[in-house]
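Fold and geometry: a report
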Amino acid sequence: MVESKGWNWKIVQGEKAEYWLEPSVESYYVLNRWKSEGKKELLDLGCGLGRHTILAAENGFNTKAFDLSENAIERAKEYSEKEGLNVEFKVGDMLELPYEDESLDCILCVNVISHTDTEGMKKVINELKRILKKDGECYMTLGSKETWGFKQEDWPLADPNTRIRMDEGPEKGIPHFYADYNLIKELFKDFIIEKVYQKEDFVERDGKVNSSYHYHLIVRK
Ligand SMILES: C[S@@+](CC[C@H](N)C(=O)[O-])C[C@H]1O[C@@H](n2cnc3c(N)ncnc32)[C@H](O)[C@@H]1O
C-alpha cells in the first residue's frame, strides 16, 4: 500500500485559499437531507480548512473534523473558534479512524477518500462501515478515470487505478485513486448506493480552463 500523505496546506494562502473556504454546492443538499432525517453525529473526514465543518456545526450537527495535515487542522480550528462553534478536531490517517464502532450518523468526505491506492480504498471503506451506525450515510466524491489526472502518463502508477501526482502544488507526491462505475459498485457492495453520478467541473485559472470529472456518491449502511 502507498504511504498516506496529507496536503501541503502551508503553500495554500491568501487568494489561493479562498476556494477552500466556500462550501461545495452538494454540501448544502446533503446537510439538509441529513438534518431532515434527524441525523446528529457528523464527521467531516479530510476537513481541509474546514469549509464544511463550519457549515455542519452552524446547522446544529455534533461535528467532528479529521485530517492528516496538522496545518489544515490548526487553521480549521482557528476558523471554528472565531465563529464560536464547538467542534472536536483530530489529526490522523483515514486508514485508521480514531472513532468508536457505530458512533456516527453521517460522514462528509469531499475530495479526500481518493488520496490512497486500491488497497487503501478498501481499508477506508471498511473503516466507514465500522464507524457508521445502521442506516448511517456517507457522502463522498471520487476521482473519475475520465479525468485528466488519470491520463498523465508521466505520473507513476502505484496500481492500475492509482497515480502519484507529480505537478507542483499542495498535492505533489500524493496518491490519487481513480474510479469508474463498475469499480464503485464492487467497492461499495456492502452498502446501499443511494445516489451516484459523475460531474464535470470547470475551473479558470491564469487564463486557462481546466475541467475535472468526479463521481459523487451517497451510500447507506
Ligand atoms: C482536496 S482537500 C479537501 C478538503 C475538504 N474536504 C474540502 O472539501 O475543503 C483533501 C484533504 O484530504 C486530506 N487527506 C489526504 N490524505 C489523507 C489521509 N490519508 N487521511 C486523512 N486526511 C487526508 C488532505 O490533507 C486534505 O486536507
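Notes on the structure in this doc start here. (Residues numbered from 1 in each chain as written. Predicted model: local features only at pLDDT ≥ 70, side-chain atom pairs only at ≥ 80, totals over all residues. Heavy atoms only, no water.)

**Comments concerning the overall build of the protein**
In terms of regular secondary structure, the protein is built from 6 helices and 10 strands. For 221 residues, the compact-globule estimate of 2.2 N^0.38 gives 17 Å, and the protein sits close to it at 17 Å. Over its C-alpha atoms, taken along the principal directions, the protein stretches across nearly 45 × 40 × 30 Å. Classification of the 221 residues of the protein by burial places 51% in the buried group. Within the protein, contacts between residues at least 6 apart in sequence are counted, and of these 67% link residues at least 24 apart. For the protein, the exposed surface amounts to about 11200 Å²; the carbon and sulfur share of it is 46%. For the protein, the distance from the average position of its 32 positive side-chain charges to the average position of its 42 negative side-chain charges is 3 Å. (Helix = DSSP H or I, 4+ residues; strand = E, 2+ residues; numbered from the N terminus. Rg over C-alpha atoms; globule rule 2.2 N^0.38 Å. Buried < 20%, exposed > 50% of the residue type's maximum accessible area, 1.4 Å probe, protein only. Contact = heavy atoms within 4.5 Å. Areas by Shrake-Rupley, 256 points an atom, 1.4 Å probe, with all protein chains shown as cover. Lys, Arg positive; Asp, Glu negative; His and termini not counted. Charge placed at Lys NZ, Arg CZ, Asp CG, Glu CD.)

**Points about the environment of G173**
For G173, the location among the structural elements is in the loop between β7 (162-164) and β8 (175-177). Through-space distance from the C-alpha of G173 to that of S4 is 9.7 Å; in sequence the pair is 169 residues apart.

**Some words on the sheet that holds strand β6 (residues 157-159)**
With respect to topology, 3 strands assemble into an open sheet ordered β6-β7-β8, the strand pairing being antiparallel. Taken across any chain shown, the strands that pair with only one partner, and hence form the sheet edges, are β6 and β8. With direction set aside, neighbouring strand axes in the sheet form an average angle of 30°. Alignment of β7 against β8, held across 3 bridges, turns out to be antiparallel. Note on β8: the bridge partner recorded for R163 is H176. (Pairing = 2+ DSSP bridges. Axes fitted to C-alpha atoms, helices over the stretch in contact; angles between N-to-C directions.)

**Focus: the pattern of salt bridges**
Within the structure shown, the criterion is met by 17 salt bridges. The closest approach of N and O atoms between D135 and K134, which form a salt bridge, is 3.9 Å. What makes D135 partly exposed here is its relative accessible area of 33%. We classify K134 as exposed; its relative accessible area is 63%. Across the pair R220 and D135 runs a salt bridge whose closest N-O atoms are separated by 3.0 Å. Remark: D135 occurs in strand β5 (residues 132-143) and R220 occurs in strand β10 (residues 208-220); sequence separation between them is 85 residues. By relative accessible area, which is 23% here, R220 ends up partly exposed. (Salt bridge = Lys/Arg side-chain N within 4 Å of Asp/Glu carboxyl O.)

**So, the environment of E3**
With respect to the element layout, E3 can be found in the segment before α1 (15-18). Owing to a relative accessible area of 71%, E3 belongs among the exposed residues under this scheme.

**Some thoughts on helix α5 (residues 118-131)**
An ideal rise of 1.5 Å per residue puts 20 Å on 14 residues; α5 measures up with 20 Å between its terminal C-alpha atoms. Buried within α5 we find T118, G120, M121, V124, I125, E127, L128 and I131. (Expected span 1.5 Å × (residues − 1).)

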